[in-house]
Amino acid sequence: MSKEINTDLLFHSLPTTETLEALNTTSSGISNEEFQSRLSHFGGNELQEDKPRTIFSMFIEQFKNLMVIILMVAAVISGLLGELADTFIIMIVVILNAVLGVFQESKAEKALAALKMMSSPYSKVQRDGIVELVKSSEIVPGDLVLLEAGDYVPADMRLIETFNLKVEEAALTGESVPVDKNTESIAETDIVIGDRINMAYLGSSITYGRGNGIVTATGMSTEVGKIAGYISKETIEQTPLQKKLTEMSKFLTIGIVIICIVIFTVGILQGNDYFEMFLTAVSLAVAAIPEGLPAVVTIVLALGVQRMAKRNAIIRRLPAVETLGSTEIICSDKTGTLTQNKMTVKQVYLNDSLIPEQEFSPEATGAKELLGIMVLCNDSKTTESEKGLESIGDPTETALVHFAWDKGLTKENLDSKHPRLGEIPFDSERKLMTTINKFEDKSMVMTKGAVDVLLDRCSGIFRDGQIHDFSSEDRLGIEAANTEMAGNALRVLGVAYKDLEGQPSKISPSETEKDLVFVGLVGMIDPPREEAKEAVRICIQAGIRPIMITGDHKVTATAIALELNIIQDETQVITGSELDKIPEKDFEKAVMKYSVYARVAPEHKVRIVKAWKKMGKVVAMTGDGVNDAPALKAADIGVGMGITGTDVAKGVSDMVLSDDNFATIVLAVEEGRMIYTNIRKSVQFLLSANMSEVTVLFIATMLNWKILFPIHILWINLVTDTFPALALGLEKPGKDIMSQKPRSSTQGFFAGGMLSSILYQGFLIGTIVLGVFYLAGQRYPESSAVHITMAFATLGLIQLAHAFNVRARKDSLFTIGFFTNPYMIGAVVFSVFLQVSVITFPFLNKMFRVVPLNMEQWLIVIGASLLIIPLVEVIKLFLRLLHKKEE
């Protein structure tokens, strides 16, 4: 390079001349020779991409789980002790669990690739005084880029020339209306991207006019590049469920080690063989580990994924299903998420009256004149289809055309009847647009634009079908109406006209746009989604706090938030610039006060999300724009929009809403809560079953009884118990599930009496099994194989009967009904068949070291197994009465 250049300046605050000097360029761009030098220095205009995860790396990650590691250790020990069947069974389950996890997560992160695709492949650049089409990846700082309607902005740039230029920045800033751009420098240095109206940024698009800009940043140095950097820095944290299961695994590991040491020590003190006691301790370890739990949790989550897909919520990361159930904060983008992302006419001022759009009649005096000007002084293109009216153009203009179409006037018809004879395009200095249209033997000037500017050009007013002189009282009335509409966050346009004899000989703003007749005002807004208000109400009812985070203006955000009942007054609203003034040490306390954040930058969104997370809250973030991506990644669960969402937002999301419906989040929360509740039921069932096995083996060892082999425990844990555990994962939600407060992230997995239930139920089951073993020894003393078989049969069947108890932790089984979960009936019947088969069929009972039982023995087993249901029902009744008395 001929001279060192500085790309780290705040270019929006510099005059054009200083920008050119800082970048060592000219208003004609750089030379091809200089381009080559800068390309080697700055590199290509491309976004760096993280190396994608391979299927193998995802497979290995499935084993980075304490419970799975414990299972693999148990498998190795079993193999070393010659129990190869045990090893084989455990490893099959571990591998199956890993395959299920990889299958769900195999869609690798596409966020950075999507960001990369946002740059247009070719751009118009001037070098050596010649305009040429070059690859966008070969643009460098200092290049002069030519922009026109329809172009994507290929890099960040300081605009040095604009002609009615409008840029769509919704994906980057969240602002729903294209921004008018100019070249004037801005005195303030600390302003958000959306207010830098002399800059154009990578990822935005030109909707109107044309302009030239000098490139100030490329690749990872652009604002979009910085977002890519934020995304790559964010790490995927464990979900609440994963944290709880990890805690449980640690708890189990410590418990298992202690029990095994006690058993081994007691056995040695009793004079037993060292190797025999080691085998016994391993059997106890196998009994204590819920081998089927990882697979059960994975499958229950996967089944939840399928159900949610049918309800328009697509899960990209398996554990995210459950996270929504514990969500306490939903930080939502406004544009396209809470609102329709479509400008809509809400209010009209005509004949000195403010009229809501639904009460506006096309038959009213002056209505046709107002609608006619809105449609004819309009550059949007329309087509009618089975879906209704489809339009292309500036969102403000398409809103006007749709409003007229709803009232019975079509643009196609009016354009053919009153062809355009001339026009004065809108520009940001005049803030007006004017067309001249033919009306039989005369022509009519039609003007729309900023109210204050338009009123200065008016000398008359159309009221009640007649033209009157424009008085100061008229102006005050119009200004009052404009203030009221603007106060409701409406974007207000004024419309006026004047008649001309014949065709105009000369068209100029000074001549054509004077002595106009004022007709009325039109107020528009991007309105809330119809279903969003109900969704917000249900969120609040469920104890979830909805928060709006948007790049749009404060007044607009406030109006939408008030309408949706997200806030009660304006004191709960804060802007990004005000946010910057709050010290970090005070920020966490301050964040509690606000439910709406307006005019924010991407780093603000991340800061807000992280502040709530530091307070121990589980945070969901919804969004559809590029500007939402860092916060989507930083949140506990990122919720992207499937239709209006950018590929970037979808790529970093844990869940994508295929219908872009905020209300779908409420359904997802319900599903998440149900899944968490059901997983707790499955865990309670499996751990109470394991507790019973530990009880049996511990007491039997103390009494020097030989009662069960390791393969018996593995069979029950991995096969017969797994199907009822899965059926518990398919229980229907309780009626009050969305009336409860979210569970706290600090609440233990075994909270609410779950641990005590596991302990007493496990002890009861174990005691019954030991009772059957003792009874068998008394009634059939001649065969120890019968004693072991009856204990094995009882242990398997009693746990299946107990699965019905776990369906409701406090309520009676008779209240919810035996047959209300058909999956449970099927699971228990199938598991009973399997349990009976290994005892009955010769080739199986030999492998399991058991013998067939006679009718009397089976009746004892069945009677003892069913006994657990009335016993638990009595304890539940006692607990309900105790709880009622406490209340």
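Going by the structure above, here's the rest.
Nothing here was measured: the structure is a model prediction, and the numbers come from that model.

Draft legend 1. Region of the structure containing empty space enclosed by the protein. Enumeration over the complete set of coordinates arrives at four cavities of 30 Å³ or more. What lines the largest cavity is Leu172, Thr173, Val192, Ile193, Gly194, Gly551, Arg599, Val600, Ala601 and Pro602. The class makeup of the residues in the lining of the largest cavity is six nonpolar, three polar and one charged.

Draft legend 2. Representation of helix α27 (residues 662-702) within the structure. The terminal C-alpha atoms of α27, which comprises 41 residues, lie 59 Å apart, in line with the 60 Å expected from a rise of 1.5 Å per residue. In terms of burial, α27 is largely enclosed, as 33 of its 41 residues are buried.

Draft legend 3. Just the sheet that holds strand β8 (residues 313-315), in detail. Strand order in the open sheet made by the eight strands is β8-β26-β25-β24-β9-β21-β23-β22, with mixed pairing throughout. Either end of the sheet is taken by a strand with one partner, and the two such strands are β8 and β22 (573-575). Between one strand axis and the next, the sheet turns through 20 degrees on average, direction left out of account. Examined bridge by bridge, strand β25 (residues 637-641) and strand β26 (residues 655-657) share three bridges and lie parallel to one another. In the sheet register, Val639 faces β26, and the bridge partner there is Met655.

Draft legend 4. Just the packing of α27 against helix α30 (residues 754-779), in detail. Contact geometry for α27 and α30: axes closest at 7 Å, N-to-C directions at 45 degrees. In terms of their interaxial angle, α27 and α30 are classed as oblique. The handedness of the crossing between α27 and α30 comes out as right-handed. Across from Arg680, Val683, Gln684, Leu687, Ser688, Met691, Ser692, Thr695, Val696, Ile699 and Ala700 in α27, the residues of α30 making contact are Met754, Ser757, Ile758, Leu759, Gln761, Gly762, Phe763, Ile765, Gly766, Val769 and Leu770. Of the residues assigned to the contact of α27 with α30, the class counts are 13 nonpolar, eight polar and one charged.

Draft legend 5. View of the packing of aromatic side chains. Tallying each qualifying case throughout the model produces 12 aromatic pairs. Look at Phe360 and Phe403: their rings are 5.5 Å apart centre to centre, the planes differ by 45 degrees, and that puts the pair in the tilted class. Here Phe403 lies in helix α15 (residues 395-406) and Phe360 lies in the loop between β11 (353-356) and α14 (367-376), a separation of 43 residues in the sequence. The buried category is assigned to Phe360, whose relative accessible area is 3%. Here Phe403 falls in the buried class, since its relative accessible area comes to 4%. Ring centres 6.3 Å apart and planes at 70 degrees place the aromatic pair Phe462 and Tyr497 in the edge-to-face group. Linking Phe462 in strand β17 (residues 458-463) with Tyr497 in strand β19 (residues 491-501), this pair joins segments that are 35 residues apart in sequence. With relative accessibility at 7%, the residue Tyr497 sits in the buried group. One aromatic cluster in this structure is built from Phe804, Phe814, Phe818 and Phe819.

What counts, and where the lines are drawn
- Residues numbered from 1 in each chain as written.
- Predicted model: local features only at pLDDT ≥ 70, side-chain atom pairs only at ≥ 80, totals over all residues.
- Heavy atoms only, no water.
- 1 Å grid on protein atoms, 1.4 Å probe; cavity = no way out; pocket = protein on both sides within 12 Å on 5 of 7 lines; lining within 4 Å.
- Points joined across faces, edges and corners; volume = space filled by probe spheres on them.
- Nonpolar A, V, L, I, M, F, W, Y, C, P; charged D, E, K, R; others polar.
- Helix = DSSP H or I, 4+ residues; strand = E, 2+ residues; numbered from the N terminus.
- Expected span 1.5 Å × (residues − 1).
- Buried < 20%, exposed > 50% of the residue type's maximum accessible area, 1.4 Å probe, protein only.
- Pairing = 2+ DSSP bridges.
- Axes fitted to C-alpha atoms, helices over the stretch in contact; angles between N-to-C directions.
- Parallel < 35°, antiparallel > 145°, perpendicular 65-115°, else oblique.
- Left-handed = near helix turned anticlockwise from the far one by under 90°.
- Contact = heavy atoms within 4.5 Å.
- Phe/Tyr/Trp six-rings, centres within 6.5 Å; stacked < 30°, edge-to-face > 60°.

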